[in-house]
Amino acid sequence: MLRSLFLAAAGSARLERLVESAPAGRGVVKRFVAGDGAEEALAVSRELADDGLAVSLVHLAEDTESPEQARAVREEYVALLARLRTAGLAPAAEVSVKLSALGQRIDEKVAQEHARAICAAAAESGTTVTLDAEDHGTTDATLETLFELRRDFPSTGAVLQAHLRRTEGDCRELAVSGSRVRLCKGAYSEPESVAFQSPLDVDKAYVRCLNILMSGEGYPMVATHDPRLIAIAEDRARWFDRSTGEYEFQLLHGVRPDEQARLAATGHTVRVYLPYGKQWFGYLMRRFAERPSGVSSLASAVSARK
Ligand code: FDA
């Protein structure tokens, strides 16, 4: 119920203004989002790097509806990647890209060309790109783009969503040498025909996928905040004789920072998914939808308005 409320709120311009104008609202936003622009994203990346954490930067762009918007997103990433190089933050900082932000819904081929330009800029800066996973209707097109990009940029990362019934098969296909795969539970509401619905079934699917990735030849990127799955991943790494440099953990900026520090202190590579950009509101509401208990911080921030 709360989950659907937050997902619906993601489109509310009124609530967005309320959060933004509340004195404490910005603090809540800042916990999850680096800031409006590349300058703030670089500053937070630097702080995280000083704490021994790698980052994957993502420029927040919702609902790209025109070729001009798509091109602007590409230019933002290309400029960001040049700045990461100048700032000496690559390769510890990479970027995550949503193909929908590059206009996948308008023209798949053009979105692919934009993604190619971003991969080229990343290669020039000595770092990598990971293609975020979106709703199941885009999975085939996104994986097709991934395979195309990997011909020239083999380190381009994929994201697989454990809740989709197809994902074990995708894991098998992608558990090959040089292949970087981020495994997450899946953030989109999907029908039963394509996705497991109960949290237990999703967790079991996550473990099956983890077994395939950890026993394979690729580089698994374990994206979860779930303490049980993190412990199982550490266990599987031992079973399959992987050293700490042969897989990594990924968590969202602002979520379980103590666990991020603990994992890094035990020698693991930990990458923080770090969003920035003016369109932070939808992202924030999706985070609250995942964990409605965080609503109290938002409510007190908004009600503290003077
Ligand atoms: P879940 O939300 O089920 O929580 C399980 C347990 O983890 C909780 O019971 C609690 O113990 C702990 N926990 C979770 N959140 C916590 C919090 N805020 N504070 C304290 N404890 C908490 N999705 C997608 O569809 N496409 C994508 O490309 C990506 N990319 C991505 C990158 C990275 C780095 C991450 C971490 C996640 C994604 N996701 C994603 C989102 C992902 O699919 C999923 O929706 C969220 O990570 C939430 O699932 P969890 O695995 O964290 O566990």
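The coordinates are above.
Since the model is a prediction, treat every value here as computed from it, not as a measurement.

Trainee: How should the overall build of the protein be read in this particular structure?
Mentor: Counting secondary structure elements, the protein contains 13 helices and 8 strands. Taken over 306 residues, the protein has a buried fraction of 52%. Considering only residue pairs separated by 6 or more positions, the protein has 72% of its internal contacts joining residues 24 or more positions apart. Of the accessible surface of the protein, which amounts to about 13900 Å², a share of 53% is contributed by carbon and sulfur atoms.

Trainee: Explain helix α4 (residues 38–50) here, please?
Mentor: Structural remark: α-helix, 3.6 residues per turn; residues separated by three or four positions point the same way. The first and last C-alpha atoms of α4 sit 18 Å apart over 13 residues, in line with the 18 Å expected at 1.5 Å per residue. Regarding α4, the residues found buried are Ala38, Ala41, Leu42, Val44, Ser45 and Leu48. Summarising the axial view, the buried residues of α4 lie within an arc of 170 degrees, below the 170-degree limit, and thus occupy one face. Those residues of α4 that are exposed and angled more than 90 degrees off the buried face are Glu39, Glu47 and Asp50. Positive backbone phi, at 85 degrees, marks Gly52, one or two positions downstream of α4.

Trainee: Sorry, what's going on with the packing of aromatic side chains here?
Mentor: The description of two aromatic rings rests on the distance between their centres and on the angle between their planes. The final tally for this structure, using the stated rule, is 4 aromatic pairs. With 5.8 Å between their ring centres and 80 degrees between their planes, Trp280 and Phe281 make a pair best called edge-to-face. Look at Phe281 and you get buried, because its relative accessible area is 3%. Lying across the ring of Trp239, Arg236 places its NZ or CZ 4.3 Å from the centre. The positively charged end of Arg287 is found above the aromatic ring belonging to Tyr283, 4.6 Å away from the centroid.

Trainee: Please clarify how the site of the ligand should be interpreted in this entry.
Mentor: Around the ligand, the surrounding shell holds 23 residues, and the nearest of these are Lys185, Gly186, Thr224, His225 and Glu290. Between an oxygen atom of the ligand and a main-chain N or O atom of Gly186, the distance comes to 2.7 Å. His225 has a polar side-chain atom sitting 2.7 Å from an oxygen atom of the ligand. Bound to the protein, the ligand loses 79% of the 950 Å² it would expose on its own. Per element, the largest residue contribution to the shell around the ligand is 3 residues, and it comes from strand β7 (residues 248–252). Looking at side-chain class alone, the shell around the ligand contains 11 nonpolar, 5 polar and 7 charged residues.

Trainee: Can you walk me through the environment of Val222 in this structure?
Mentor: Here Val222 is to be found in strand β6 (residues 219–223). Classification of Val222 as buried rests on a relative accessible area of 1%. Dropping the residues within four chain positions of it, Val222 is found in contact with Leu183, Tyr206, Leu210, Met214, Ala233, Glu248, Phe249 and Gln250.

Trainee: I tried to follow the sheet that holds strand β1 (residues 54–59) on my own but got confused; where do I start?
Mentor: The strands making up a sheet are joined through hydrogen bonds of the backbone, oriented either antiparallel or parallel. Spatially, β3-β2-β1-β8-β7-β6-β5-β4 is the arrangement adopted by the 8 strands of the open sheet, whose pairing is parallel. In this open sheet, the two edge strands, each paired with only one partner strand, are β3 (129–131) and β4 (158–161). Between one strand and the next, the sheet's axes are offset by a mean angle of 30 degrees, whatever the strand orientation. With 3 bridges joining them, β1 and strand β2 (residues 93–97) adopt parallel strand pairing. If you follow Ser56 over to β2, its bridge partner there is Glu94.

Trainee: Before we go on, may I ask you to explain unusual backbone geometry in this structure?
Mentor: With glycine set apart, most residues show a phi of negative sign, and most peptide bonds adopt trans. Residue Pro91 is bonded to the preceding Ala90 through a cis peptide linkage, with omega at 5 degrees. Looking at the secondary structure, you find Pro91 in the loop between α5 (67–86) and β2. Of note, Asp241 is a non-glycine position whose phi angle comes to about 60 degrees, a positive value. Note that Asp241 resides in the loop between α10 (227–239) and β7. The residue Arg256 is not glycine, and still its phi comes out positive at about 50 degrees. Checked against the element boundaries, Arg256 lands in the loop between β7 and α11 (257–265). The class for Arg256 is partly exposed, based on a relative accessible area of 32%.

About the cut-offs
- Residues numbered from 1 in each chain as written.
- Predicted model: local features only at pLDDT ≥ 70, side-chain atom pairs only at ≥ 80, totals over all residues.
- Heavy atoms only, no water.
- Helix = DSSP H or I, 4+ residues; strand = E, 2+ residues; numbered from the N terminus.
- Buried < 20%, exposed > 50% of the residue type's maximum accessible area, 1.4 Å probe, protein only.
- Contact = heavy atoms within 4.5 Å.
- Areas by Shrake-Rupley, 256 points an atom, 1.4 Å probe, with all protein chains shown as cover.
- Expected span 1.5 Å × (residues − 1).
- Arc of directions from axis to C-beta.
- Phe/Tyr/Trp six-rings, centres within 6.5 Å; stacked < 30°, edge-to-face > 60°.
- Lys NZ or Arg CZ within 6 Å of the ring centre and 35° of its normal.
- Near = heavy atom within 4 Å.
- Polar contact = N/O pair within 3.5 Å; in protein donor to acceptor, adjacent residues only side chain to side chain.
- Nonpolar A, V, L, I, M, F, W, Y, C, P; charged D, E, K, R; others polar.
- Pairing = 2+ DSSP bridges.
- Axes fitted to C-alpha atoms, helices over the stretch in contact; angles between N-to-C directions.

Keep in mind that these numbers describe shape and distance, not what the molecule does.
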